[in-house]
Amino acid sequence: MRKYILFILLALFAFSLYGQKGIVNNGARIVVDNGAYIKIQGDNTTGYTNESFGSQHGRIDLNGEIQLDGYFRNNASAGEVFINLDGTGNVLFSGTSNQGIGGFGPITFENLELNTPGIDLNTSIFIQNGIIFSQGNIVVNNYILAFGSNAVIMGSAGTNSMLIPGSNGVLRKYFDNAQTFTFPIGSNVETDYIPVTIDPTGGTYNGGFVDLQMTEAKHPENSNPTDYITRYWQLSETDISGYDAQLTFTYAESDIVGNENNYYTLRYDGSFWDVFDAVNTENNTLTASVSEMGEFTAGANELETGELVVSHSGLTEENLNGAVIDLTLVDDEFENSTLDPTNFGLQNVPQGCEILTVDYVSTTTATMTLAFDGTDFDTDYTDYAINMTSAEVASDNDYTSNVLLISATDDNETLTIIDPPAITEGSEDGHVFSIELSGGTFNPVLNADAWSCSWLPEGVTMSDVLYLSPTSVEVHISGNRVADYDINQFVTIEIEPTEYNDAEGNALISDNDIAFQARNEQLTALTDTIYQSNLDNIEIYFELIDDWIKSAHFTIEDIRLYGEPEGLSVENITMTDSTHFSAVLSYTGSGIGQDNPFSFEIADSVLFGVEALNSQDIIISSDVGINEQEGAVELYVAGSDIYLKQHQLVRKGSLIIFELNGRRIREYSVKAKSASLFRPILKDGMYLIQFLTDGGKLYQTKGVVKN
């Protein structure tokens, strides 16, 4: 195969091969097909050298493999060594002693494979497809070893085969999307395998790249004297915008100084330190999620970092709304003059306190204006502080400021009904009134179930409680009473502690009340007494007090009589207005032996009120005068005197005087004599007078007293 390849090349190209070892390509084009290989012998000074011959420059179209024992140089005055890069060509460094890559022309390897004691770079190289690690290290020295956007690490990178950056060497990785890449690097003393992994999580890639350098020494700006590592890594990105990545670094056991358990991931941006995660001491790894690169190392979190100092002349509950806080950065600076309030936060502040604005003053000073809705608090806030995210500062540090005191005003809460309404019985529905809280504030979200009245008529509810402001609510009353009440009620409002701020576990009761005014509904007959003699077809007039007839279809079916004599009924009803009507009676009875009280009732179905109404008693005055037995007794009234005369048998007994409604008002003892005179003090009017003998005989009359 080798002779075949050389034959084709000699037939097509004019170039020279000379020297006992190695190949010097003076402007020729070498083609190595897929499946073919060239084996080149050499040493530290020989191997493969690419040269130019006039305007012709040495080139290799490699689809197979070159096996090289010796040096690889590109000294052509122009152009790459390898052409038609399709990722299939492989250069295997397989020498028995250290090999080198050099020259002054560019070199792009499709694939580079290590099976050699080692390779020293004396020029920068580019890896298009990947490196296959088997045996041996690549020492980058002061050059750049760059990986293309599709390049991968293959083989078995580790302590036997890795990249040694050196003090000034640069490892570069190109990205055209977010892909994880591990730099398989080792310490410069070539004994420890300490890879670095970049796992991008965001960004816009415009053919950009990330550079990695490593220095085996304590970071010169690390001021911690006891706990640190003797290694740091320098990472930078170019032509990548919005870059976010998760980084993982590995350090060697020999790097550890002091107490490893105190280590954190540290980043230095040229001016300030940022602190990230605690290190993993078991795996010797440090991690950081970053949006900016910098210089990374590990050590104790006791570096000289910046500080956010806040100040105010004295914050109180009264001046909190609109208070202006001074912010000062020490050993740090604001990233720019536009400050985003969402990158600031308040720590341990009263409810209802928030950031209104944050205003830039200078690179190290700003002001913050607070807004406060007046939510009450009665206990001082002793540890108020301000948080600021790393997005606002050059150091990329998050800050929590010193603490300030917010003084409370300890006041007693008072609940007051504003302009308490007078609510009339039967008109309760739809009443709305306001309640104010002084010395405190209502919770913005109210629970109507936590509000109650000391008394409400049956059928009436407190239907809703609406938040108007921190100190004012609106209460809605719904429904009308379904049962009568005849006594005025004075009602207070009570709220549970959940309904207002700064409650001390006690319910709060209003200091004034609402009057529920009862209606004393009455049905009054405008006539107290009627007489048996004109009972039939008599018309009685009535008046409703604190109630009225709501139905236009008020009929005799809505009237009921109580205590009426047999044969008495209502014949007709005439309604004058909603509070006045008359009733015409019909009487078909045979007579009344004595005075008869009776009353009217109106059904509740025709009344505004919820209960039927009964009138006072109306007395039907009997036409019976004296129950005489053979003219033995004479009983009558003359003026204001009452006379009793016994003509035949003289008996003892009692004289009893009744009002016509049946109420007994006087009683006198009667002696056994023929004539007795009684002078009771009575108002003018008709009375029923009875003489009841000790033997049980009853004589009675009606008479009109006239003083």
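Remember, predicted model here, so these are calculated numbers, not experimental data.

## Details of the overall build of the protein
- Looking only at helices and strands, the protein features one helix and 61 strands.
- For the protein, the C-alpha radius of gyration of 57 Å lies well beyond 27 Å, the compact-globule estimate for 707 residues.
- Principal-axis analysis of the C-alpha atoms gives the protein an extent of 185 × 60 × 45 Å.
- When each of the 707 residues of the protein is scored for burial, the buried share is 46%.
- Within the protein, residue pairs in contact and separated by at least 24 positions form 60% of the contacts whose partners lie at least 6 positions apart.
- Between the averaged position of the 29 positive side-chain charges in the protein and that of its 100 negative side-chain charges there is a distance of 15 Å.

## Some details on unusual backbone geometry
- For D331, which is not glycine, the phi torsion reads 60° and is therefore positive.
- One can find D331 in the loop between β29 (324-330) and β30 (344-347).
- Phi at D546 takes a positive value of approximately 60°, unusual for a residue other than glycine.
- By the element assignment, D546 lies in the loop between β48 (539-545) and β49 (559-562).
- Overall, D546 belongs to the partly exposed group, its relative accessible area being 39%.

## Some words on the sheet that holds strand β6 (residues 59-62)
- As summarised here, the arrangement of the three strands in space is β2-β6-β9, forming an open sheet in which the pairing is parallel. Only two strands of the sheet have a single partner each, and these edge strands are β2 (29-32) and β9 (82-83).
- Across four bridges, β2 lies against β6 in parallel orientation. By the bridge assignment for β6, R29 is matched with R59.

## Here we look at the nonpolar core
- Counting 64 residues, the largest nonpolar core has F72, I101, F109, L112, I131, L145 and W233 as its most contacted members.
- The dominant element in this core, judged by the number of residues it contributes, is strand β21 (residues 232-250), at seven residues.
- In this structure, L523, L544, L561 and A583 belong to the second largest nonpolar core, which totals 28 residues.

## Brief notes about the confidence of the model for the protein
- In the predicted model, the protein carries a mean pLDDT of 89, and 94% of its residues have values of at least 70.
- For the stretch residues 1-20, pLDDT sits under 50, and the model shows 20 contacts to residues farther than four places along the chain or on other chains.
- When the criterion is pLDDT under 50, residues 625-630 qualifies, and its contacts beyond four places in sequence or with other chains add up to 13 contacts.

## Things to note about the sheet that holds β29
- Strand order in the open sheet made by the four strands is β27-β29-β32-β31, with antiparallel pairing throughout. Lying at the two open borders of the sheet, with one neighbouring strand each, are β27 (307-311) and β31 (353-360). Between one strand axis and the next, the sheet turns through 30° on average, direction left out of account.

## A few points about the pairing of strand β3 (residues 37-40)
- Going residue by residue along β3, you find I38 and I40 tucked away on one face and Y37 and K39 left uncovered on the opposite face.
- Pairing of β3 with strand β7 (residues 65-68), which is carried by four bridges, proceeds in the parallel orientation. The residue of β7 that forms the bridge with Y37 is E65.

## A short note on the pattern of salt bridges
- Enumeration over the complete set of coordinates arrives at nine salt bridges.
- Notably, a salt bridge pairs E425 with R481, separated by 3.1 Å at the nearest N-O pair. Here R481 lies in the loop between β41 (472-478) and β42 (489-491) and E425 lies in the loop between β37 (422-424) and β38 (432-438), a separation of 56 residues in the sequence. Both residues of the pair, E425 and R481, count as buried.
- We note a salt bridge from R679 to D641, for which the minimum N-O separation is 3.2 Å. With R679 in the loop between β59 (675-678) and β60 (685-693) and D641 in strand β56 (residues 641-646), this residue pair connects regions lying 38 residues apart in the sequence.
- A single network of salt bridges, built from pairs that share partners, joins E216, R231 and D255.

## Concerning the environment of S472
- Summarising the element assignment, S472 is placed in strand β41.
- Given a relative accessible area of 12%, S472 falls into the buried group.
- Remark: the alpha-carbon pair of S472 and T414, spanning 58 residues in sequence, is separated by 12 Å.

## Some points on the packing of aromatic side chains
- Applying the stated criterion across every chain yields a total of 29 aromatic pairs.
- Ring centres of F93 and F109 lie 6.1 Å apart, and the angle between their planes is 70°; on these two criteria the pair is classed as edge-to-face. Taken together, the residues span a long stretch of sequence, with F93 in strand β10 (residues 90-93) and F109 in strand β12 (residues 107-121) at a distance of 16 residues. The burial state of F93 is the same as that of F109; both residues are buried.
- Judged by centre distance (5.8 Å) and plane angle (35°), the rings of F442 and W451 are tilted.
- We classify F442 as buried; its relative accessible area is 1%.
- Each residue in the set Y48, F72, F82, F93 and F109 is aromatic and connected to the rest through ring pairs, giving one cluster.
- Note that R73 overlies the ring of Y71, its terminal NZ or CZ placed 3.8 Å from the centroid.
- One residue, R172, lies across the ring of F209, its end atom 4.1 Å from the ring centre.

## Thoughts on the environment of E237
- Tracing the chain through its elements places E237 in strand β21.
- E237 gets classed as partly exposed once you look at its relative accessible area, which sits at 28%.
- Residues E237 and Q690, 453 residues apart in the sequence, show an inter-C-alpha distance of 127 Å.
- If we skip the residues at most four places from it in the chain, E237 touches F209, V210 and M293.

## Considerations on the layout of surface pockets
- Considered as a void within the structure, the largest pocket measures approximately 260 Å³ in volume.
- Looking at the largest pocket, it is lined by 13 residues, and the ones nearest its centre are D528, T529, E659, L660 and N661.
- Ranked by residues supplied to the lining of the largest pocket, first place goes to β60 with three residues.

## Quick notes on the side chain of N63
- The topology assignment puts N63 in the loop between β6 and β7.
- Side chain to side chain, N63 and T88 meet in a polar contact 3.1 Å long.
- Once residues lying within four places of it in the same chain are set aside, the contact partners of N63 are V32, D33, N34, D86, T88 and G89.

## A look at the pairing of strand β1 (residues 23-26)
- Side chains I23 and N25 project from β1 onto one buried face, and the interleaved V24 and N26 project onto a second face that is buried too.
- The sheet contact formed by β1 and strand β4 (residues 47-53) spans four bridges and is parallel. Paired with I23 across the bridge in β4 is Y48.

## Some points on the side chain of K173
- Its location among the elements puts K173 in strand β17 (residues 170-174).
- Lacking a salt bridge, the buried K173 has D176 as its closest oppositely charged neighbour, with an N-O distance of 6.9 Å.
- Side-chain polar atoms of K173 contact the backbone oxygen of G148, separated by 3.1 Å.
- When near neighbours in sequence (up to four residues on either side) are disregarded, K173 contacts F147, G148, S149, A151, Q179, F181, F183, G208, F209 and V210.

Reading guide: rules and limits
- Residues numbered from 1 in each chain as written.
- Predicted model: local features only at pLDDT ≥ 70, side-chain atom pairs only at ≥ 80, totals over all residues.
- Heavy atoms only, no water.
- Helix = DSSP H or I, 4+ residues; strand = E, 2+ residues; numbered from the N terminus.
- Rg over C-alpha atoms; globule rule 2.2 N^0.38 Å.
- Buried < 20%, exposed > 50% of the residue type's maximum accessible area, 1.4 Å probe, protein only.
- Contact = heavy atoms within 4.5 Å.
- Lys, Arg positive; Asp, Glu negative; His and termini not counted.
- Charge placed at Lys NZ, Arg CZ, Asp CG, Glu CD.
- Pairing = 2+ DSSP bridges.
- Core = buried A, V, L, I, M, F, W, Y, C linked by side-chain atoms within 4.5 Å.
- pLDDT = per-residue confidence, 0-100.
- Axes fitted to C-alpha atoms, helices over the stretch in contact; angles between N-to-C directions.
- Salt bridge = Lys/Arg side-chain N within 4 Å of Asp/Glu carboxyl O.
- Phe/Tyr/Trp six-rings, centres within 6.5 Å; stacked < 30°, edge-to-face > 60°.
- Lys NZ or Arg CZ within 6 Å of the ring centre and 35° of its normal.
- 1 Å grid on protein atoms, 1.4 Å probe; cavity = no way out; pocket = protein on both sides within 12 Å on 5 of 7 lines; lining within 4 Å.
- Points joined across faces, edges and corners; volume = space filled by probe spheres on them.
- Polar contact = N/O pair within 3.5 Å; in protein donor to acceptor, adjacent residues only side chain to side chain.

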